[in-house]
Amino acid sequence: MHGPSLPDKNRWIETSRLSGRATLRLFCFPWSGAGASVYYKWAGTLPPEIEVCPVQLPGRESRLNETAFTSLEALAAAAGAALRPWLDRPFAFFGHSMGALVSFEIARWLRRLHGLSPAHLLVSGHTAPHLPRDYEPIHALPEPEFVAELRRLNGTPEAVLSHEELRALILPVLRADFSVCETYVYPADEPLACPISVFGGLQDTDVSREKLEAWREQTTGSFSLRMFPGDHFYLLAAQHHLLRAIALELEPTIRSLNQKT
């Protein structure tokens, strides 16, 4: 239960959004440059047994004045420690793009240091972590080239990229986030025991079905892969279909947990 030992405030989680009554907490990790708000509407669409917990990373939205992490190892350790008090009930992770990699490494950090495991790991729009990187890093590119790459990726609104002040605000965070992914070196370890569900866009030119399928090697549990129409940010247009798929993927876990109570 949501006991008195939990802190009232946490920069990583908006505790006002936690009811403490759901069967499963679903911690959602944003993609590069995004904040927790991209997941706010999910709470009204997913079944009530699933408590949506958007995770706020440093450097954006309510944590705009904080320095964004540039290392995945450091980010996973800090986030894992911060989320630890809220793992007093069954939990699952969802992450898109950078968020997929972050959620995966937090799951491994929790296993290594606390013997904890999510009931389910759901990842979207990111190559399996053990595959070699087959693209050139962009986080250190001069601004014109960096902005050109952001336009190609189609994840940052043009209104932001073409506005000098907004661009000055968001580019440092995006560079830091890309650094998190591009400097990541996969540490070999045993597969996770929890089920892994993977999602992707059929028209994503950077993350192919084969690169998503390779996530299968990261679990000794069940595995599934679902593809949706759209590019790397398919989840924005296909949100309803994605949430329905997430609910279906988590249904056996919810059913099993309810039988134990």
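Summary of the structure given here. (Residues numbered from 1 in each chain as written. Predicted model: local features only at pLDDT ≥ 70, side-chain atom pairs only at ≥ 80, totals over all residues. Heavy atoms only, no water.)

A separate point is helix α3 (residues 143-153). Taken as a whole, α3 has its buried residues at Phe-146, Val-147, Leu-150 and Leu-153. Angularly, the buried residues of α3 cover 120 degrees about the axis, an arc narrow enough to put them on a single face. Where α3 is buried, its residues touch α4 (158-161) and α5 (164-182). (Buried < 20%, exposed > 50% of the residue type's maximum accessible area, 1.4 Å probe, protein only. Helix = DSSP H or I, 4+ residues; strand = E, 2+ residues; numbered from the N terminus. Arc of directions from axis to C-beta. Contact = heavy atoms within 4.5 Å.)

Attention now moves to the packing of aromatic side chains. As enumerated under the stated definition, the model contains 13 aromatic pairs in all. Aromatic pair Tyr-39 and Trp-42: ring centres 4.8 Å apart, planes at 80 degrees, arrangement edge-to-face. Residues Tyr-39 and Trp-42 agree in their burial class; the two are buried. Pairwise contacts between aromatic rings join Trp-31, Tyr-39, Trp-42, Phe-94 and Phe-233 into one cluster. Its end group placed over the ring of Trp-12, Arg-63 keeps NZ or CZ at 4.4 Å from the ring centre. Cation over ring: Arg-175 sits above Phe-146, and NZ or CZ is 4.4 Å from the ring centre. (Phe/Tyr/Trp six-rings, centres within 6.5 Å; stacked < 30°, edge-to-face > 60°. Lys NZ or Arg CZ within 6 Å of the ring centre and 35° of its normal.)

It is worth spelling out the sheet that holds strand β1 (residues 24-29) at this point. Strands sit in the order β2-β1-β3-β4-β5-β6 across an open sheet of 6 strands; the sheet is parallel. Unpaired on one side and paired on the other, β2 (50-54) and β6 (223-228) mark the two borders of the sheet. Within this sheet the neighbouring strands show an average axis-to-axis angle of 20 degrees, counted without direction. Note that strand β3 (residues 91-96) and strand β4 (residues 120-124) share 5 bridges and pair parallel. When the sheet's bridge partners are listed, Ala-92 is paired in β4 with His-120. Each of β1, β2, β3, β4, β5 (196-201) and β6 touches helix α8 (residues 239-260); the most contacted strand, β6, lies at about 160 degrees to it. (Pairing = 2+ DSSP bridges. Axes fitted to C-alpha atoms, helices over the stretch in contact; angles between N-to-C directions.)

As a packed pair, helix α1 (residues 72-83) and helix α2 (residues 98-114) sit with axes 9 Å apart at the nearest point and diverge in direction by 65 degrees. Crossing angle aside, the handedness with which α1 passes α2 is right-handed. Every residue of α2 that contacts α1 at Leu-72, Leu-75, Ala-76, Ala-77, Ala-79, Gly-80 and Ala-81 is listed here: Leu-101, Val-102, Glu-105, Ile-106, Trp-109 and Leu-110. Residue composition of the contact of α1 with α2, grouped by class: 11 nonpolar, 1 polar and 1 charged. (Left-handed = near helix turned anticlockwise from the far one by under 90°. Nonpolar A, V, L, I, M, F, W, Y, C, P; charged D, E, K, R; others polar.)

Approximately 230 Å³ is the volume found for the second largest pocket. In terms of lining, the second largest pocket is formed by 14 residues, of which the most central are Leu-72, Glu-73, Glu-105, Tyr-184 and Pro-187. For the lining of the second largest pocket, the secondary structure elements donating two or more residues are α1 and α2. A per-element tally of the lining of the second largest pocket places α2 first, with 4 residues. Looking at side-chain class alone, the lining of the second largest pocket contains 7 nonpolar, 2 polar and 5 charged residues. (1 Å grid on protein atoms, 1.4 Å probe; cavity = no way out; pocket = protein on both sides within 12 Å on 5 of 7 lines; lining within 4 Å. Points joined across faces, edges and corners; volume = space filled by probe spheres on them.)

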